Amino acid sequence: MPSDSDDEVEMMSDVELSSDEEESDEKDDVSLIVLKRPPAVVRTVQDVEVVEPGKRQGRGSATFSAKEKLGYVKEYIEQEGLGMLLSKELGLVLFHLDTVWMDGSTSKDKRRAKERLAPGSEVCFLVRSFQGEEYKDLSEDKVVHQAVAVWFGIKPDTVLKVAMGEENTRRLEEHRKTFMLYIRGEVFMRVSLVRVQAEVAGYLTDDLGILEYKDDDRGKVNILFHTDHVKVFKKDIRHYKKPAKKVLPVGCLVSTDARSIHISGVRNIQYQAILVLAGDWPITPHPTLFPGGKGSKAPKYDVPKGDFTFYYLELALDSRLKRKVDQLKEVLAGSKGNITYDWRGVEYIRNKDQFLDWKESMGARMGGSRKPPGPREVMDIFKSVTMVEEEVAVKVVAREVENRTWYSPEAWEHGGLKLKEEVKQENDGETPAKRARRE
């Protein structure tokens, strides 16, 4: 075969390629036009390479696992897309809607991605873990986990290459810095009472009510609640299409997360409910535990020794709760701050039989779920997890690939194999030998 340096091209006569089975009028189906080495075609491709531990550059505090993890969306922190996942293995995992994949590629529509990934939605993700002194306010082990890619369903083909690329890595660093600014600015809502048991004492209006909680130190205290923040057997009150006074009767025992409040001109209301749960608990919402802070009372949880505090991370939550307080001020404006209950249309639970009747009317399973013995483990923390077996460091590199082929239109002007167009025939019109060759 001539080399690339040959300038002279030798023209050859057509070489017939035929078979014993074919007629002579098919002899022109394949023609050998000319022989010459096809030109080299250079393409640029990107690869994900695994970097050996001794050759890694940069800070040694970050680890990456190429194995996909499972979890669910815990809550969103801000409208821009920063949020938190929860994994049984890792605990808290920071994520952003920028890293969400939909339909095989990164999502460009944050609103649509947020609708598809509502709190409680199960997801798969790839994660990087960072450890250092700058993360001491997040966990005792000074660690933070961050999802580099989040998806649901089938794993996208190019997710690893894009997730570990330079552009995505830069965005992830910005998201971590934003989250740490929130932490240091103490903007998250502290939860004073976490899943404490209280009783519905009465309603002020159709939507505002009071819970009564027996505090070991302060005795009976009142907790303001609004029906927008109530879930009955994991469902919002509006799901039942009945008045709240009938869905959540007076005398019903509930679990509540509450914050401390002081309302000028209003007497005997020391807390405001962030969440009220009647019946089984949903997986979301749930407060998050960080080191330090002013502390929280959480008798149902096995909280680590030392100073720890529970928080809700959604920034918009504070304004929503303040609007409910403003409603209370309007209701009590004419009573000089004194609580007066509205008993019209109220249902009551006075004994166990009435409680069981109410439970059955709500469509709950009789018997319910078994409560775990002893204090519950706190899951909503950044756990320190060693990923030695799966730990890898990767980088995306670009390289040029050169190849030559006869079967390319670009090679025809220099010589190559060219197949003439052929009219397809039905199988019953073909000879067995010709059909076998095509298959």
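Residues numbered from 1 in each chain as written. Predicted model: local features only at pLDDT ≥ 70, side-chain atom pairs only at ≥ 80, totals over all residues. Heavy atoms only, no water.

In this section: the overall build of the protein chain. Each helix and strand counted, the protein chain has seven helices and 23 strands in total. Residues classed as buried in the protein chain amount to 41% of the 439 residues present. For the protein chain, restricting intrachain contacts to residue pairs at least 6 apart in sequence, the fraction spanning at least 24 positions comes to 69%. (Helix = DSSP H or I, 4+ residues; strand = E, 2+ residues; numbered from the N terminus. Buried < 20%, exposed > 50% of the residue type's maximum accessible area, 1.4 Å probe, protein only. Contact = heavy atoms within 4.5 Å.)

A word on the side chain of Asp 380. Summarising the element assignment, Asp 380 is placed in the loop between strand S21 (376-377) and strand S22 (391-403). Look at Asp 380 and you get buried, because its relative accessible area is 5%. Reaching out from Asp 380, the side chain makes a polar contact with the side chain of Lys 74 at a distance of 2.6 Å. In terms of polar contacts, Asp 380 uses its side chain to reach the side chain of His 286, at 3.4 Å. (Polar contact = N/O pair within 3.5 Å; in protein donor to acceptor, adjacent residues only side chain to side chain.)

This brings us to the confidence of the model for the protein chain. Confidence in the prediction of the protein chain, expressed as mean pLDDT, is 82, and 73% of residues score 70 or more. For the stretch residues 52-60, pLDDT sits under 50, and the model shows five contacts to residues farther than four places along the chain or on other chains. Scored below 50 in pLDDT, residues 387-392 makes 16 contacts in the model with residues more than four places away or belonging to other chains. (pLDDT = per-residue confidence, 0-100.)

In this structure, Val 232, Leu 248 and Val 254 are the most contacted members of the largest nonpolar core, which totals 31 residues. Looking at this core, the elements with two or more residues in it are strand S11 (193-203), strand S12 (208-215), strand S13 (219-226), strand S14 (230-232), helix H4 (244-247), strand S16 (253-260) and strand S17 (271-278). Per-element accounting of this core gives the leading share, five residues, to S11. Once residues within four sequence positions are removed from consideration, Val 232 is found in contact with Ile 237, Tyr 240, Val 247, Ala 278, Trp 358 and Met 362. Counting 22 residues, the second largest nonpolar core, distinct from the first, contains Met 84, Leu 92, Tyr 182 and Phe 382. (Core = buried A, V, L, I, M, F, W, Y, C linked by side-chain atoms within 4.5 Å.)

Another aspect to go through is the sheet that holds strand S10 (residues 189-191). Taken in spatial order, the three strands of this open sheet run S10-S20-S18, and their pairing is antiparallel. Of all strands in the sheet, those with a lone pairing partner are S10 and strand S18 (288-291), marking the two edges. In this sheet, adjacent strand axes meet at a mean angle of 50° when their direction is disregarded. Two elements, S18 and strand S20 (residues 308-312), share four bridges in a ladder whose sense is antiparallel. By the bridge assignment, Pro 291 is partnered in S20 with Phe 308. (Pairing = 2+ DSSP bridges. Axes fitted to C-alpha atoms, helices over the stretch in contact; angles between N-to-C directions.)

Tracing the sequence through the fold places His 175 in helix H3 (residues 166-185). Of note is the side chain of His 175, whose polar atom sits 3.4 Å from the side chain of Asp 98. If near-sequence neighbours (up to four positions away) are discounted, His 175 is found in contact with Leu 82, Leu 94, His 96, Asp 98 and Gln 146.

Okay, the packing of aromatic side chains next. Across all of its chains, the model carries ten aromatic pairs by this definition. Geometrically, the ring pair formed by Tyr 301 and Phe 310 is tilted, given 6.0 Å between the ring centres and 50° between the ring planes. Judged by its relative accessible area of 10%, Tyr 301 is buried. Ring pairs connect the aromatic residues Phe 179, Tyr 182 and Phe 188, which therefore count as one cluster. The aromatic ring of Phe 130 is capped on one face by Arg 176, whose charged end is 3.8 Å from the ring centroid. (Phe/Tyr/Trp six-rings, centres within 6.5 Å; stacked < 30°, edge-to-face > 60°. Lys NZ or Arg CZ within 6 Å of the ring centre and 35° of its normal.)

Turning next to unusual backbone geometry. Between Thr 284 and Pro 285 the backbone carries a cis peptide bond, its omega angle lying at 0°. Residue placement: Pro 285 occurs in the loop between S17 and S18. Notably, Phe 233 is not glycine yet its phi reads approximately 50°, a positive angle. Following the sequence through the fold, Phe 233 ends up in the loop between S14 and strand S15 (235-236). One non-glycine residue with positive phi stands out, namely Lys 234, at about 75°. Relative to the helices and strands, Lys 234 resides in the loop between S14 and S15. A relative accessible area of 47% means that Lys 234 is categorised as partly exposed.

What follows covers H3. Compared with the 28 Å implied by 1.5 Å per residue over 20 residues, the 29 Å span of H3 between its first and last C-alpha is a close match. Taken residue by residue, H3 has Asn 168, Leu 172, His 175, Arg 176, Phe 179, Met 180, Tyr 182 and Ile 183 as its buried positions. All buried residues of H3 project into a common sector of 150° when viewed along the axis, lining one side. Facing away from the buried side of H3 by more than 90 degrees, the exposed set consists of Glu 166, Glu 167, Lys 177 and Leu 181. Residues of H3 that are buried in the fold lie against strand S4 (82-87), strand S5 (91-96), strand S8 (122-131), strand S9 (143-151), helix H2 (159-163) and S18. Of the residues trailing H3, Glu 186 is marked for its positive phi of about 50°. (Expected span 1.5 Å × (residues − 1). Arc of directions from axis to C-beta.)

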